[in-house]
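# Descriptive analysis of the structure
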Amino acid sequence: MTKKVLMLAAKANMIQQFNHRNIKILQNLGYEVHVATNMVDFGSMSAEENERFKQWMTDNDVIAHQIDFERRMGSLKGNILSIRQLRQIFRENDFAFIHVHSPLGSILGRLVAKQFKVPTIYTAHGFHFFKGGPKSGWLFFYPLEWAFSFITDTLITINGEDYELAKKHMHAKNIVKTNGIGVTVEQAWRVTDEEKLMARRNVRKELDIPENAFVISSVGELSNRKNHKIVLEALKIMCAKQRENIYYIIAGTGNNGKMLNELAASFNFKNHFKLLGYRSDIRDINFASNIVIFPSFQEGLGVSGLETVINGSYLIGSDVRGIKDYILDESFGDTFNPRNAKQLEKLIKNKVNTSNLNSELNKRQLLQFDVKIIDNVMKNIYQNMKSMW
């Protein structure tokens, strides 16, 4: 009889963005893979991407279950409903183990798995408590993560700071570190200079940006956590003459679009500021940019920033866990305090009219983030779960 595994997250974007390869690894190991998530309120991706993800699951024989997880940590009523829906899935399926993601999904998933005596893997995509983080994260999320670590068989962390904290304070039976979810490092290095130049020209032409403009780009949800506002605040500090040839573009969707547009208009930068919405050509946008800025207050291990470095673009990132993990030295980029617009302004001005390619000498360090290495780690984790049946 084929063994079953459940992949669980509160929002479908968490599965879509981070778990395609994990699902295929599980299937190659002979498991029937089920996914439990909210595919109606699906999180930070476009409706079109959500539909493509649902079709991908159908095409790849993944059995999908709609769970009405609410936003953030949910309400008491909503969480009770989600638990009831999960219990029904567990009653109907004998799972060998489950792999949970996201704070809400991991908590409710582990609760139900404990009731049904099903082993659990939990990937922490960045603890909500970290050095320099808000006290609210330590007061609320730390006790939750600590308590639920007692009913976690394998805890996966994706950056160095979280791993060290977990080893000291969490009580999962097995604690593992992976370098994020993996990116195609060697594939990215095969892109030729001619292809990069063509991508640069095409994106700039599409966006009506001059060839000689200095382009700054960011990627990420238009939210307070992603902190795109600080880039506009840094540009606002500059005199009009200094920024007359600078453009700033953001690929992402979210609720802060109106606020960001209003801020750009407040210093006559609106014509040089472009919100691109959801984009699937982030690599080309990197090539079209002189520098990329990743200004988040908080990251697990920010994939967009990592891919920027892999693609050979110069990255200015927040000096926080999950970003500074891959800005390995000054050849890759620089870091700044995500609340210090003046510091960021100085870094931007320093990079105007300078070369942005990473040095060949240091690139080999990035192989630790390659998908092949990450996938081997995940395969071993899944194989080790057999001992818990």
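Residues numbered from 1 in each chain as written. Predicted model: local features only at pLDDT ≥ 70, side-chain atom pairs only at ≥ 80, totals over all residues. Heavy atoms only, no water.

A few words now on the environment of Leu26. Its location among the elements puts Leu26 in helix α2 (residues 20-28). A C-alpha to C-alpha distance of 9.4 Å links Leu26 and Lys4, two positions 22 residues apart in sequence. Those residues in contact with Leu26 that lie beyond four places of it in its chain are Val5, Met7, Tyr31, Val33, Phe97 and Tyr382. (Helix = DSSP H or I, 4+ residues; strand = E, 2+ residues; numbered from the N terminus. Contact = heavy atoms within 4.5 Å.)

So, about the sheet that holds strand β8 (residues 214-219). Strand order in the open sheet formed by six strands is β10-β9-β8-β11-β12-β13, and the pairing between neighbours is parallel. Each edge of the open sheet is held by one strand with a lone partner, namely β10 (273-277) and β13 (333-336). On average, adjacent strands in this sheet sit at an angle of 20° to one another, irrespective of strand direction. Of the strand pairs in this sheet, strand β11 (residues 291-294) and strand β12 (residues 315-318) are connected by three bridges, and their pairing is parallel. Note on β12: the bridge partner recorded for Ile293 is Ile316. Here helix α10 (residues 229-237) sits on the sheet and contacts β8, β9 (246-251), β10, β11 and β13; the angle it forms with β9, its principal contact strand, is near 175°. This element, helix α11 (residues 257-265), spans β9 and β10 of the sheet and lies at about 165° to β10. (Pairing = 2+ DSSP bridges. Axes fitted to C-alpha atoms, helices over the stretch in contact; angles between N-to-C directions.)

The next thing to look at is the packing of α2 against helix α16 (residues 371-384). It is the contact of α2 with α16, at a shortest axis distance of 10 Å, that shows an interaxial angle of 50°. When the axis of α2 is compared with that of α16, the two are oblique. At the point where α2 passes α16, the crossing takes the right-handed sense. Contact residues: Arg21, Asn22, Ile25 and Leu26 in α2; Val371, Ile374, Asp375, Met378, Lys379 and Tyr382 in α16. Residue classes in the contact of α2 with α16 are distributed as six nonpolar, one polar and three charged. (Parallel < 35°, antiparallel > 145°, perpendicular 65-115°, else oblique. Left-handed = near helix turned anticlockwise from the far one by under 90°. Nonpolar A, V, L, I, M, F, W, Y, C, P; charged D, E, K, R; others polar.)

As for its placement among the helices and strands, Ser289 is situated in the loop between α12 (282-288) and β11. Within the local environment of Ser289, its side chain forms a polar contact with the side chain of Ser217, the two groups lying 2.8 Å apart. Among the polar contacts listed, one links the side chain of Ser289 to the backbone oxygen of Ile285, at a separation of 2.6 Å. When near neighbours in sequence (up to four residues on either side) are disregarded, Ser289 contacts Val215 and Ser217. (Polar contact = N/O pair within 3.5 Å; in protein donor to acceptor, adjacent residues only side chain to side chain.)

By themselves, these are just geometric observations and shouldn't be taken as functional.
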